[in-house]
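Spelled out, the chains give:
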Amino acid sequence: MSDTQHAIFGDDVVVLPQGGPLYLQLKRWIEDAVARGAIKPGDALPSERDLALKVDVSRVTVRKAVQHLVRDGVLVQRHGSGTFVAPQTHRVEQSLSQLTSFAEDMARRGMAVRSVWLDRGIYHPSPEETVILGLSSSERVARVARLRISGDMPLAIERAALSSAILPDPDRIGTSLYAHLDKSGNRPVRAIQRIRAANLGEEDAKLLEVPAGAAGLNIERISYLNSGRVIEFTRSIYRGDTYDFVAELRIGDGPVAGGGRK
């Protein structure tokens, strides 16, 4: 028995956690082995055959459990090499109470960030962009799309749209879109942001280096100038295994039911 097999199996009889289908019991058992450090990031998982024999389940059950763990980002499969425990990811917290750019947010944490440009140019606006940005029929829209990376890990895909009258030169944006807009006095001062859970499509998952169908966060932001004009419409997709959005909540001062106050 290899060191990894001994670490995960030990010398005792394997007892799966009870409840639910057998493949989910095996999935939870492997997750526990990873969580307690019995098998570490980069370690190879025992073969499908060895797992099936030791745990006394079918290879179909093992395969289904492994597929779910790969989808959840716990394991990664490398063609021709096997199945491995996924590298550990460091989660990033972002406040929902401050309007900052991705670059500014990372700089405040002392984290190096770089971007891979996916698109930047001037286009005919879509009907949605026309309505949200308040464009006339003759106006164009500037679109910028970037893959955001910290260290070697891709964290997010940002796709922003602005009036070309505000951003006539998208190819001149440096590290931060907001810093570029600040130069012309067009930096947004407030925004409405909507966040919803999503499973990543194949194209976005490939860019973010996670399996298709992995958990992600879809974020839609509409940003405003002091005048109330909409300046920016952004749709972003964040890796669900690396980002936590945090908001501070306070009790209101208004009257509660019954006319009293807390």
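Everything below is about the structure shown above.
Residues numbered from 1 in each chain as written. Predicted model: local features only at pLDDT ≥ 70, side-chain atom pairs only at ≥ 80, totals over all residues. Heavy atoms only, no water.

## Let's talk about the packing of aromatic side chains
Selection criterion: Any Phe, Tyr or Trp ring, taking Trp's six-membered ring, that has another such ring centre within 6.5 Å forms a pair; planes under 30 degrees apart are called stacked, those over 60 apart edge-to-face, and the others tilted. Here, a charge over a ring means that NZ of Lys or CZ of Arg falls within 6 Å of the ring centre while also lying within 35 degrees of the ring normal.
In this structure the tally under the stated criterion is zero aromatic pairs. For Lys-64, the ring lying beneath its charged end belongs to Tyr-23, and the centroid distance is 4.3 Å. Over the aromatic face of Trp-117 sits the side chain of Arg-120, whose NZ or CZ is 4.1 Å from the ring centroid.

## Focus: the pairing of strand β5 (residues 141-150)
Residues in a regular strand project their side chains so that they alternate between the two faces of the sheet. Applied cut-off: Exposure classes here rest on a 1.4 Å probe applied to the protein chains alone. A residue is buried below 20% of its type maximum, exposed above 50%, and partly exposed in between. Segments assigned H or I by DSSP are reported as helices when at least four residues long, segments assigned E as strands when at least two residues long, and all are numbered from the N terminus. Strand pairing is defined by DSSP finding a minimum of two bridges between the two strands.
Counting buried residues in β5 gives nine out of 10 residues, a clear majority hidden from the surface. Bridging between strand β4 (residues 113-123) and β5 involves 10 bridges; their strand directions are antiparallel. Within the sheet, the bridge partner assigned to Val-116 lies in β5 and is Leu-147. By the bridge criterion, 10 bridges tie β5 to strand β6 (residues 153-163) in an arrangement that is antiparallel. If you follow Ile-149 over to β6, its bridge partner there is Pro-154. Here β5 folds back onto β6 in antiparallel fashion, the turn holding two residues, of which Gly-151 has a positive phi close to 65°.

## What to know about the pairing of β6
Most of β6 sits inside the fold, with nine of its 11 residues counted as buried. Relative to strand β9 (residues 230-239), β6 runs antiparallel, the two sharing six bridges. Bridge pairing links Ile-157 to Ile-237 in β9.

## Focus: the environment of Pro-125
The criterion, for reference: Pairs of residues are marked as contacts when any of their non-hydrogen atoms sit within 4.5 Å.
Assignment of secondary structure puts Pro-125 in the loop between β4 and α6 (127-133). In sequence terms Pro-125 and Arg-140 are 15 residues apart; their C-alpha atoms lie 5.9 Å from each other. With near-sequence residues (within four places) excluded, Pro-125 lies in contact with Thr-130, Leu-135, Glu-139, Arg-140, Val-141 and Arg-143.

## Notes on the pattern of salt bridges
Condition: By definition, a salt bridge exists where a carboxyl oxygen of Asp or Glu is found within 4 Å of a side-chain nitrogen of Lys or Arg.
Applying the stated criterion to the full structure yields 12 salt bridges. For Glu-129, the salt bridge identified is with Arg-143, shortest N-O distance 3.0 Å. Taken together, the residues span a long stretch of sequence, with Glu-129 in helix α6 and Arg-143 in strand β5 at a distance of 14 residues. Using a relative accessible area of 9% as the deciding quantity, one classes Glu-129 as buried. By relative accessible area, Arg-143 is classed as partly exposed at 24%. Note that Glu-158 is salt-bridged to Arg-148, the shortest N-O span being 3.2 Å. Taken together, the residues Glu-158 in strand β6 and Arg-148 in strand β5 connect sequence positions 10 residues apart. Owing to a relative accessible area of 1%, Arg-148 belongs among the buried residues under this scheme. Bridged by salt links that share partners, the residues Glu-48, Arg-59 and Arg-63 form one connected network.

## Details of the side chain of Arg-239
Let me state the cut-off plainly: By the criterion applied in these results, polar contacts are pairs of N or O atoms within 3.5 Å in which, for protein atoms, one can donate a hydrogen and the other can accept it, and in which residues neighboring in sequence qualify only through two side-chain atoms.
The residue Arg-239 is located in strand β9 in this model. Owing to a relative accessible area of 7%, Arg-239 belongs among the buried residues under this scheme. Of the polar contacts made by the side chain of Arg-239, one reaches the backbone oxygen of Leu-208; its length is 3.0 Å.

## Regarding the packing of helix α2 (residues 22-35) against helix α4 (residues 59-71)
Quick note on the threshold: All axes are obtained by fitting lines to C-alpha atoms, using only the stretch in contact for helices, and the reported angles, taken between N-to-C directions, cover 0 to 180 degrees. To sort the angles, those under 35 degrees are grouped as roughly parallel, those over 145 as roughly antiparallel, those from 65 to 115 as roughly perpendicular, and the leftovers as oblique. The handedness criterion is simple: a crossing whose near helix is rotated anticlockwise from the far helix by less than a right angle is left-handed, and one whose near helix is rotated clockwise is right-handed.
With their axes 8 Å apart at the nearest point, α2 and α4 run at an angle of 55° to one another. Between α2 and α4, the interaxial angle falls into the category oblique. Read as a crossing pair, α2 and α4 show a hand that is right-handed. Here Leu-22, Tyr-23, Leu-26, Lys-27, Ile-30 and Glu-31 of α2 come into contact with α4, specifically with Thr-61, Val-62, Lys-64, Ala-65, His-68 and Leu-69.

Everything listed here is a matter of coordinates, which is why it stays silent on function.
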